[in-house]
Amino acid sequence: MLKTFKKGGIHPPENKFSAHNGIRKLPLPGSVAILLSQHLGAPAKVIVNKGDEVKTGQLIATGEGFVSSNVHASVSGKIAKIDDVTDISGYRKQAVFIDVAGDEWIETIKRDNTLEKDIQLTGEEIIKKINEAGIVGLGGATFPTHVKLTVPRGKKAECLIINGVECEPYLTSDHSLMLEKGEEIIVGIQLLKKALNVPLAHIGIENNKPDAIVLMEKLAAEYKGIKVHALKVKYPQGGEKQLIKAITGREVPSGGLPVDVGVVAFNVGTVFAVYEAVQKNKPLFERVVTITGKTLSQPANFRVRIGTPISAVINAAGGIPGDTGKIVSGGPMMGKALSDPEVPVMKGTSGVLLFASGESARRNMLPCIRCAKCVSVCPMGLEPYLLMPLAQKNSFDRLEAEHVMDCIECGSCSYTCPADRPLLDFIRLGKSKVGRIIRTRKKQ
Amino acid sequence: MSSIIIYTIITLSLLGAVAALVLYFVAQRFKVYEDPNIDLVEAELPAANCGGCGFAGCRNFAETLVKAETFDGLFCPVGGNETMSRIASVLGREAVTQEARVAVLRCNGTCEFRPKISKYDGTMSCAIASALYGGETGCNYGCLGFGDCVMVCNFDALHMDPVTGLPVVDDKKCTSCGACVKECPKDLFELRKRWKGDKKIYVACMNEDKGGVARKNCSVACIGCSKCFKVCPHDAIVMKNNLAFIDSVKCKLCRKCAPECPTNAILEFGLPIRKQPETINTQLINKEE
């Protein structure tokens, strides 16, 4: 029997069109806009000025405070301006605009493709290098990796979990990365194991990627303490808490962190970035982005420089089809529709999805019939049918008592609702208001 | 036959007497003293339970008023000075007066002035839409037009104008309870001093973008040019974040600022029509271009 998490979960149509199309390099765009806030936490502070010449990989903004991250130039050229640009949030945020001129990398980066297996650095040095390279969680949450690797005092990490699940339909960036850069990922896992000082690492891969499972098992057999787990296909298995439950059987307590149960989890994309940062001195300035959709002519996986406008990625895949209704950044379940296709690619952009207008339209909301489908699919064991009216009626104390803060915003409830109720919209609203109340209370 | 009736009357009377005794002693034992003034004060309050005073309903506010030493910081915006002075006479205290206020919407981004560049088909709620993105137009600061403010108004003082897509405040009905101020996710409502005849002058824009960006997305946006700031003789205008703000307490309605505005972002209401307002404004617009 395949492992999986117990509570809830759904299985939407997979639609992984670009799984075996490989990873191609996207041609450099004419100009890039590198956002200063591509991570959770405080925005980075610019250290370059307008008119400066920068090289690819050069530091252009430093992280402010502990929970923050460095930002590097993804192309070489001249800084055109430091101005606001609409980002995925739909609001204007500060960004550094660079006019591309050639592709000259800083000298410290090793650009050869040879695999470097030897680990010479100590755990602390590895974490320092990861911090300098500006690595954040590439699964989508963009939490700074060096913060995750710094285990709080009094807690102990016992094992490492590597997330190769990619439970979101359509997306194939992690899958193709595992197929092409499997060995590098394994070395990256060894690096993270050393940084955390843990003996064991588990790789979780859903069973709809048999080629990746076979390959990773073959590669992992050469190393000690790396185990590959084939998991049952179920959304949202890529959620940190769900993956930990599926592999180790441990449950992260309400309001707690994975390290409370002795686990630290990373996405395979992050692991590959760690390998490149530590062994090749390459900061995080490019990532794999899936561009897909039913109507798109050439679904593909591209290695994209951070800051490239999403429209350039779409054009490389055959351009926007005529009847496109929505362009979504991220997966179809948790992604966000974009208000403008010129939004730049960020560190957390795992995919770009194009929906035809008929596919993407919202249906009209009908009254709740108390079928409790939302309750049975909620992976956190919440009651979405109840949380929605509570959020509508501003019953914040009851929302908190019903553990609204545990919601991981996976969208399974809205997906499954036969009455097409926008459950997650209201739960998210209630969550943000309750979160604000809790934060004010903590300050007092 | 008659004996049955007599016994029944006696039994029931005895039962009633015993129950009355028990109730009397219980009531004495668990008596809660409540200041009779609370009921008197509550009777004077408007009973709208709107929360405009900052307390959970009129009863709660009445309790607070009776307990409080002075009326500092305690005011019923719905009842206004009249109600507060009556309450003061009930409690035998000094009344605190406050200037009457009215809510205004600081956005004039109608469909005509502020073209839509995307289409929102999610849940029709300003709070949800603003969490998702900046809105259907290029302006991230303006009215979203889904009417969360209309929903919270207890006094029927707000309604959506289907032509402009913006909410309209009914000055006669507005009680300045502040529910819309709290609800608007874009912070567009402001409680301003209420002049006689509902005269108003205010900057109808909250866009903090640089002038060029703001103007591109909305033709009546404040571009932060400071022209009104320079002309104001009463120091009532403050420039902050590329935005002019007219302090309604300092403003004397001299009307010098509005014709200076190159984008017509300063709105005037309830004031006599100017002799040649059109020509003044067009001249300035031409100069700007």
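In case you missed it, the structure is sitting above this.
1. Brief notes about the interface of chain B and chain A
Listed by partner, the interface residues are 19 residues for chain B and 16 residues for chain A. The junction of chain B with chain A conceals about 1,400 Å² of combined surface from both sides, 46% of it contributed by carbon and sulfur atoms. Run the count over chain B and chain A and you get three salt bridges. Across the pair D83 of chain A and K210 of chain B runs a salt bridge whose closest N-O atoms are separated by 3.4 Å. Taken together, chain B and chain A are joined by 11 residue pairs in polar contact (both at pLDDT 80 or more). Elements with a minimum of two residues in the side of chain B that touches chain A: helix 5 (126-132) and helix 8 (211-217) of chain B. Per element, the largest residue contribution to the side of chain B that touches chain A is five residues, and it comes from helix 5 of chain B. Classifying every residue of the side of chain B that touches chain A by side-chain character gives seven nonpolar, eight polar and four charged.

2. What about the environment of P27 of chain A?
By secondary structure assignment, the location of P27 of chain A is in the loop between strand 1 (23-25) and strand 2 (31-35). Between the C-alpha atoms of P27 of chain A and S173 of chain A, which are 146 residues apart in sequence, the distance is 18 Å.

3. A word on the pairing of strand 8 (residues 92-100) of chain A
All names here are of chain A. For strand 2 and strand 8, the ladder comprises five bridges, and the chain directions are antiparallel. Paired with I34 across the two strands is V96, which belongs to strand 8. Pairing of strand 7 (residues 77-86) with strand 8 involves nine bridges; the strand directions are antiparallel. Residue pairing for strand 8: T86 is matched across the bridge by R92. In this antiparallel pair of consecutive strands, strand 7 and strand 8, the connection spans five residues, and G90 shows a positive phi of 85°.

4. Quick word on unusual backbone geometry
Working note: non-glycine residues mostly have negative phi, and peptide bonds are mostly trans. Residues and elements named next belong to chain A. The amide bond that connects Y235 to the next residue, P236, takes the cis arrangement and shows omega of 0°. In this model, N394 sits at a positive phi of 55°, which is unusual for a non-glycine residue. With respect to the helices and strands, N394 occurs in the loop between helix 11 (384-392) and helix 12 (396-401). The exposure class assigned to N394 is partly exposed, which follows from its relative accessible area of 37%. One non-glycine residue, H403, adopts positive backbone phi at about 60°. The residue H403 is located in the loop between helix 12 and helix 13 (412-416) in this model. Its relative accessible area of 42% is what places H403 among the partly exposed residues.

Rules behind the numbers
Residues numbered from 1 in each chain as written. Chains lettered and ligands numbered in written order. Predicted model: local features only at pLDDT ≥ 70, side-chain atom pairs only at ≥ 80, totals over all residues. Heavy atoms only, no water. Contact = heavy atoms within 4.5 Å. Buried area = accessible area lost by both parts, 1.4 Å probe. Salt bridge = Lys/Arg side-chain N within 4 Å of Asp/Glu carboxyl O. Polar contact = N/O pair within 3.5 Å; in protein donor to acceptor, adjacent residues only side chain to side chain. Helix = DSSP H or I, 4+ residues; strand = E, 2+ residues; numbered from the N terminus. Nonpolar A, V, L, I, M, F, W, Y, C, P; charged D, E, K, R; others polar. Pairing = 2+ DSSP bridges. Buried < 20%, exposed > 50% of the residue type's maximum accessible area, 1.4 Å probe, protein only.

Spatial relationships are all this shows, so hold off on functional conclusions.
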